[in-house]
Amino acid sequence: DVKVTQSSRYLVKRTGEKVFLECVQDMDHENMFWYRQDPGLGLRLIYFSYDVKMKEKGDIPEGYSVSREKKERFSLILESASTNQTSMYLCASSGTGLAGGPYEQYFGPGTRLTVT
Amino acid sequence: QQPVQSPQAVILREGEDAVINCSSSKALYSVHWYRQKHGEAPVFLMILLKGGEQKGHDKISASFNEKKQQSSLYLTASQLSYSGTYFCGTEYRGATNKLIFGTGTLLAVQP
């Protein structure tokens, strides 16, 4: 079974702190993604990575950065946490299909981050 | 642009049918469907890659109308286990490997 794990289920941080969210997958997937989920807004893509050290901005990258030093690990960094970054953060991974498009995405359990 | 899902929410009795629609303003390459139960991670249901393609998964099936740039998810004879939020994820030509998810449709199946 594909497994995507995230470092914390719940996290409480103070405004201005630097926050690291870690994601690890065990299926040798090329693609990894970070989303945030807010009520009524669905899943919004923050960043994704299609290879080690490669990254692309998603739809809402402002205030975030990412790091992918190893294939199995993808980190999301909040450089200076703000209250409007309070949200559920979901990591996902996928392989690549024959046509170049993705296979299904496998999601981690999520990290509920509260910034006070 | 996020695809538009409709309806936003639907309440069913067990055994009833439902249709969830996903529309895009841009030409689609593929559509993915996921279900998220309360407090859990989204789980993949199916991918539709070709125009007109229909796929089935037990009593859940979907169609993809490339011309209309939309997909529909059909849930027939609904069961309590179908409850959750359904998301479509759209993939566009020139931006493959990247899904844009809709805002979700909350489905509640009651006994």
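As shown above, the structure is provided for reference.
Residues numbered from 1 in each chain as written. Chains lettered and ligands numbered in written order. Predicted model: local features only at pLDDT ≥ 70, side-chain atom pairs only at ≥ 80, totals over all residues. Heavy atoms only, no water.

Visitor: Mind laying out the nonpolar core, listing which residues take part and the relevant values?
Guide: Among the nonpolar cores identified, the biggest contains 23 residues, and Trp33, Leu73, Leu75, Tyr86 and Leu107 of chain B are the most heavily contacted of them. At the level of secondary structure, the elements contributing two or more residues to this core comprise β2 (9-13), β3 (18-23), β4 (28-36), β5 (43-48), β7 (60-65), β8 (70-75), β9 (84-92) and β11 (105-110) of chain B. When neighbours within four sequence positions are excluded, leucine 75 of chain B is seen to be in contact with Glu16, Asp17, Ala18, Ile20, Lys59, Ile60, Tyr82, Tyr86 and Leu107 of chain B. In this structure, Met32, Tyr89, Cys91 and Val115 of chain A belong to the second largest nonpolar core, which totals 20 residues. (Core = buried A, V, L, I, M, F, W, Y, C linked by side-chain atoms within 4.5 Å. Buried < 20%, exposed > 50% of the residue type's maximum accessible area, 1.4 Å probe, protein only. Helix = DSSP H or I, 4+ residues; strand = E, 2+ residues; numbered from the N terminus. Contact = heavy atoms within 4.5 Å.)

Visitor: I'd love a proper account of the pattern of salt bridges, names of residues and values included.
Guide: All names here are of chain A. Taken as a whole and judged by the stated rule, the model has five salt bridges over all chains. Residue lysine 18 pairs with glutamate 79 through a salt bridge whose shortest N-O separation is 3.6 Å. Taken together, the positions of lysine 18 in the loop between β2 (10-13) and β3 (19-25) and glutamate 79 in the loop between β8 (73-78) and β9 (87-94) put the pair 61 residues apart, joining distant regions of the chain. We classify glutamate 79 as partly exposed; its relative accessible area is 42%. Two residues, arginine 44 and aspartate 38, come together in a salt bridge whose shortest N-O distance is 2.9 Å. Residue aspartate 38 is classed as buried on the basis of its relative accessible area of 12%. What you see here is one network of salt bridges that share partners, running through Arg36, Asp38 and Arg44. (Salt bridge = Lys/Arg side-chain N within 4 Å of Asp/Glu carboxyl O.)

Visitor: Now, about the sheet that holds β8 of chain A: what can you tell me, with residues and values included?
Guide: Residues and elements named next belong to chain A. Spatially, the four strands line up as an open sheet ordered β1-β3-β8-β7, and their pairing is antiparallel. At either end of the open sheet lies a strand with only one pairing partner, and these are β1 (4-6) and β7 (64-70). The mean angle between the axes of side-by-side strands here comes to 20°, regardless of whether they run parallel or antiparallel. Sheet topology places β7 next to β8; five bridges connect them, and they run antiparallel. Note on β8: the bridge partner recorded for lysine 70 is arginine 73. (Pairing = 2+ DSSP bridges. Axes fitted to C-alpha atoms, helices over the stretch in contact; angles between N-to-C directions.)

Visitor: Please give an account of the side chain of arginine 68 of chain A that cites residues and values.
Guide: All names here are of chain A. One can find arginine 68 in strand β7. Despite its burial, arginine 68 pairs with no opposite charge; the closest candidate is aspartate 51, at 6.0 Å N-O. A polar contact of 2.6 Å, which involves the side chain of arginine 68, links it to the backbone oxygen of lysine 71. Filtering out sequence-adjacent residues up to four positions away, arginine 68 remains in contact with Gln25, His29, Glu30, Asn31, Met32, Ser49, Tyr50, Asp51, Val52, Lys53, Arg73 and Phe74. (Lys, Arg positive; Asp, Glu negative; His and termini not counted. Polar contact = N/O pair within 3.5 Å; in protein donor to acceptor, adjacent residues only side chain to side chain.)

Visitor: Which residues make up unusual backbone geometry, and what values go with them?
Guide: For the peptide bond that leads from serine 6 of chain B to proline 7 of chain B, omega is -5°, which places it in the cis range. Positionally, proline 7 of chain B belongs in the loop between β1 (4-6) and β2. Of note in this structure, aspartate 28 of chain A is not a glycine but carries a positive phi near 60°. By secondary structure assignment, the location of aspartate 28 of chain A is in the loop between β3 and β4 (31-38). The class for aspartate 28 of chain A is exposed, based on a relative accessible area of 53%. At alanine 77 of chain B, a residue that is not glycine, the phi angle is positive and equals roughly 45°.

Visitor: Please give an account of the state of the cysteines that cites residues and values.
Guide: Residues and elements named next belong to chain B. Evaluated as defined, the whole model comprises two disulfides over all chains. The partner cysteine of cysteine 22 in its disulfide is cysteine 88, sulfur to sulfur 2.0 Å. Residues cysteine 22 and cysteine 88 are joined by a disulfide whose S-S torsion is about 70°; by sign, that bridge is right-handed. With cysteine 22 in strand β3 and cysteine 88 in strand β9, this residue pair connects regions lying 66 residues apart in the sequence. (Disulfide = S-S within 2.5 Å.)

Visitor: Please provide a residue-by-residue account of the interface of chain A and chain B, values included.
Guide: For an interface, size is often stated in terms of accessible area lost upon the parts coming together. Listed as interface residues are 26 residues of chain A and, on the opposing side, 20 residues of chain B. Buried area between chain A and chain B, summed over both chains or domains, comes out near 1700 Å², and the portion from carbon and sulfur atoms is 57%. Linking chain A with chain B are zero salt bridges. Looking at the side of chain A that touches chain B, the elements with two or more residues in it are β4 and β5 (42-51) of chain A. Element by element, the count of residues in the side of chain A that touches chain B is highest for β5 of chain A, at five residues. Counted by class, the side of chain A that touches chain B contains twelve nonpolar, nine polar and five charged residues. (Buried area = accessible area lost by both parts, 1.4 Å probe. Nonpolar A, V, L, I, M, F, W, Y, C, P; charged D, E, K, R; others polar.)

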